[in-house]
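Chain and residue survey
Here is how the chains run, residue by residue.
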Amino acid sequence: MAMSMTHQIGSLAVVAVPDSGAGESAAAVNTAAMCKSPAASMKCKVMRSEGGEVLSPPMSPCMSPVVGSMRADLSAVCQVFETAEEKEHGVGGKGKGGGKGVPVYVMMPLDSVTAGNGVNRRKAVNAAMAALKSAGVEGVMMDVWWGLVERERPGEYNWGGYVELMEMAKKNGLKVQAVMSFHQCGGNVGDSCTIPLPKWVVEEIDNDPDLAYTDQWGRRNYEYVSLGCDTLPVLKGRTPVQCYADFMRAFRDNFKHLLGDTIVEIQVGMGPAGELRYPSYPEQNGTWKFPGIGAFQCYDKYMLSSLKAVAEAQGKPEWGSTGPTDAGHYNNWPEDTQFFRKEGGGWDGPYGEFFLTWYSQMLLEHGERILTSAKSIFDDTGVKISVKVAGIHWHYGSRSHAPELTAGYYNTRLRDGYLPIAQMLARHGAIFNFTCIEMRDHEQPQEALCAPEKLVKQVALATQKAQVPLAGENALQRYDEYAHEQIIRASQLNVDGDSGDREMCAFTYLRMNPHLFEPDNWRKFVAFVKKMKEGKSAHKCREEVEREAEHFVHVTHTLVQEASVLMR
């Protein structure tokens, strides 16, 4: 019987792919099963005509040492990919000047690792990785779930499926952005599965419900431990920040051989959906629906204790007993409320300024604490640290920017709420990762004064001023060229007419799934990746890029078809 497509891919990528199906516990990769051609990692110096030296790209292992022959379509992929790499590195000619282009990563499925700590849809993921590499994708982003790795008992880590996934990415030549996901999966936009916090953390919250974020009506949110208890030993004798630090340290120690080479970025989760924010707009159980303003999350006893102390210190003890009581409900609009309305709203008065300053500062301090730990843990490992910030674009055109305020971003028509975040990240050398890059203002409901393009521009200016790198993600799954063109335009950061060569440092595409590998979507995606890599200093015309993309689509047809079928 002929070898399956996935096994041939595995041979080409020089990694053995087990036949076992989803749900099987992942074993450590058997190094004896791996074959690696010494030539595959060789580099040599090439003299440019100008006299300078460059490193030639690594040789692609097109000849399978296991099978002993090449598949015609995959050989063509290797040949085309080598040619593209040579051009990019300036081999045989001048390298491109100006901007460097924007590398594209692709988000892995949320459930890539099973509840049994194995790899879900193993063959599909390996086939998909091979296809992505062939398209010129830089790497993948994967959630490393706290609720899976440290699920049973504190301090006991099962990296199971992640070991196999990291090795799979490495053998396919892909980089990895690893997300330290300290939040629950389930209850947010796009969540396709449920992964709760570790069992022992949930037990502690059950015993002390104030460990959960709480709204003014007493609704508890189990997505993420309340930042109000960041420094208190409430989790089996450890503080939440210590738990996060211990987890990151264990990750570093377990994957130290891949850090800086395969694993190039650590995105540190800091709230719901992994974003630095409060869970102010939870979709679970229909609590919130777009484009509602959300609700403040400061009513657990730990947050209220802090509010009380700050109010007393400022000589306003009457302000410290509760948050705003006239800020409406989750699905109100700003003008429905006394606090957020444009004329005479409480947000613009002395109390509003006091409360919003405290509320947003608590979020910034939370970020500082975790980043301080992350920077110390991953120092000198060669990885970059990033933090994700939510793209809350609805009611952006209003004066109060109510949804941003309830999420913890003190951004109004009178105040820049993103510059303090950018400055905080700059102090730690972290990357500012922002969402909603694919959206255009006119695509959103104008009655809700949505303005994603204006919001992205504001964030780009804030990161430019703070001198912090900006990376992007699309908030919703889009496969159309119209969205791609918007991403390309936004990634070039031409926001003030004087951005020079500045571009986004990376873009992460949502997400690896069967739809991405559908023929028409794949064709558009390959062209998109090539245009992103060209960057603002593109030396190829649009038609040339699209012709190259069509060639990639043609030679990878069978491979992509395999990925599409297996991912379903």
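The structure we're discussing is the one just above.
Notes on the structure in this doc start here. Here the structure is a predicted model, which is why all the values come from computation and not from measurement.

Observations regarding the pairing of strand 10 (residues 431–434)
Of the two faces of strand 10, the one carrying Ile431 and Asn433 and the one carrying Phe432 and Phe434 are both buried. Examined bridge by bridge, strand 9 (residues 384–389) and strand 10 share 4 bridges and lie parallel to one another. Bridge pairing links Lys388 to Asn433 in strand 10. Note that the unit made of strand 10, helix 12 (residues 452–466) and strand 11 (residues 470–473) has a crossover that is right-handed.

Some thoughts on the pattern of salt bridges
All chains considered together, the criterion is met by 29 salt bridges. Note that Arg238 is salt-bridged to Glu150, the shortest N-O span being 3.0 Å. Linking Arg238 in the loop between strand 7 (220–225) and helix 7 (240–254) with Glu150 in the loop between helix 4 (146–149) and helix 5 (160–171), this pair joins segments that are 88 residues apart in sequence. The burial state of Arg238 is the same as that of Glu150; both residues are buried. In this structure, the salt-bridge partner of Glu550 is Arg523, at a minimum N-O distance of 4.0 Å. Of this pair, Glu550 sits in helix 15 (residues 542–555) while Arg523 sits in helix 14 (residues 519–534), and the two are 27 residues apart along the sequence.

A few points about the environment of Thr214
Mapping Thr214 onto the fold places it in strand 6 (residues 212–214). The sequence separation of Thr214 and Phe296 amounts to 82 residues, and the corresponding C-alpha distance is 8.4 Å. Setting aside its immediate chain neighbours within four residues, Thr214 contacts Pro209, Arg219, Arg220, Phe296, Gln297, Cys298, Tyr299 and Asp300. Polar side-chain contacts of Thr214 include one of 3.0 Å to the backbone oxygen of Ala212.

Brief notes about the nonpolar core
A general tendency of soluble globular proteins is for nonpolar side chains to be buried together. Counting 160 residues, the largest nonpolar core has Phe251, Phe432, Phe517 and Trp522 as the members making the most contacts within it. At 12 residues, helix 9 (residues 350–377) tops the list of elements feeding residues into this core. Other than its neighbours up to four places away in sequence, Phe251 contacts Val144, Trp159, Met166, Ala178, Met180, Leu259, Ile263, Ile266 and Phe378.

Here we look at the sheet that holds strand 9
The 8 strands lie next to each other as 3-4-5-8-9-10-11-12, forming a closed barrel whose pairing is parallel. The average angle at which neighbouring strand axes cross in this sheet is 30 degrees, direction not considered. Docked against the sheet, helix 12 engages strand 10 and strand 11, running at close to 180 degrees with respect to strand 10.

Regarding the packing of aromatic side chains
For any two aromatic rings, the description comes down to two numbers: the centre-to-centre distance and the angle of the planes. Within this structure, the stated rule accounts for 40 aromatic pairs. Centre to centre, the rings of Phe296 and Phe355 are 5.0 Å apart; their planes meet at 85 degrees, and the pair counts as edge-to-face. In this pair, Phe296 is assigned in the loop between strand 8 (263–268) and helix 8 (301–313) and Phe355 in helix 9, connecting sequence segments 59 residues apart. Classification of Phe296 by relative accessible area gives buried; the value is 5%. The class of Phe355 is buried, set by a relative accessible area of 0%. With a centroid separation of 5.7 Å and an interplanar angle of 35 degrees, the aromatic rings of Trp522 and Phe525 are classed as tilted. With Trp522 and Phe525 both in helix 14, this residue pair falls 3 residues apart, about one helical turn. Note on accessibility: Trp522 and Phe525 belong to one class, buried. Feature note: the residues Tyr213, Tyr278, Phe296, Trp319, Phe339, Phe340, Tyr351, Phe354, Phe355, Trp358 and Tyr359 constitute an aromatic cluster, connected by ring pairs. Over the face of the ring belonging to Trp319 we find Lys316, whose NZ or CZ atom lies 5.0 Å from the ring centre.

Digging into unusual backbone geometry
Residue Pro291 follows Phe290 across a cis peptide bond; omega there is 5 degrees. You can see Pro291 is positioned in the loop between strand 8 and helix 8. Residue Arg511 is reached from Leu510 by a cis peptide bond, and omega for that bond is -10 degrees. Tracing the backbone through its elements, the reader meets Arg511 in the loop between strand 12 (507–509) and helix 14. Of note in the backbone geometry, Ala273 takes a positive phi value of approximately 60 degrees without being a glycine. Following the sequence through the fold, Ala273 ends up in the loop between strand 8 and helix 8. Backbone geometry places Asn285, a non-glycine residue, at a positive phi of 60 degrees.

Thresholds applied
Residues numbered from 1 in each chain as written. Predicted model: local features only at pLDDT ≥ 70, side-chain atom pairs only at ≥ 80, totals over all residues. Heavy atoms only, no water. Buried < 20%, exposed > 50% of the residue type's maximum accessible area, 1.4 Å probe, protein only. Helix = DSSP H or I, 4+ residues; strand = E, 2+ residues; numbered from the N terminus. Pairing = 2+ DSSP bridges. Right-handed = clockwise from strand over helix to strand, strands pointing away. Salt bridge = Lys/Arg side-chain N within 4 Å of Asp/Glu carboxyl O. Contact = heavy atoms within 4.5 Å. Polar contact = N/O pair within 3.5 Å; in protein donor to acceptor, adjacent residues only side chain to side chain. Core = buried A, V, L, I, M, F, W, Y, C linked by side-chain atoms within 4.5 Å. Axes fitted to C-alpha atoms, helices over the stretch in contact; angles between N-to-C directions. Phe/Tyr/Trp six-rings, centres within 6.5 Å; stacked < 30°, edge-to-face > 60°. Lys NZ or Arg CZ within 6 Å of the ring centre and 35° of its normal.

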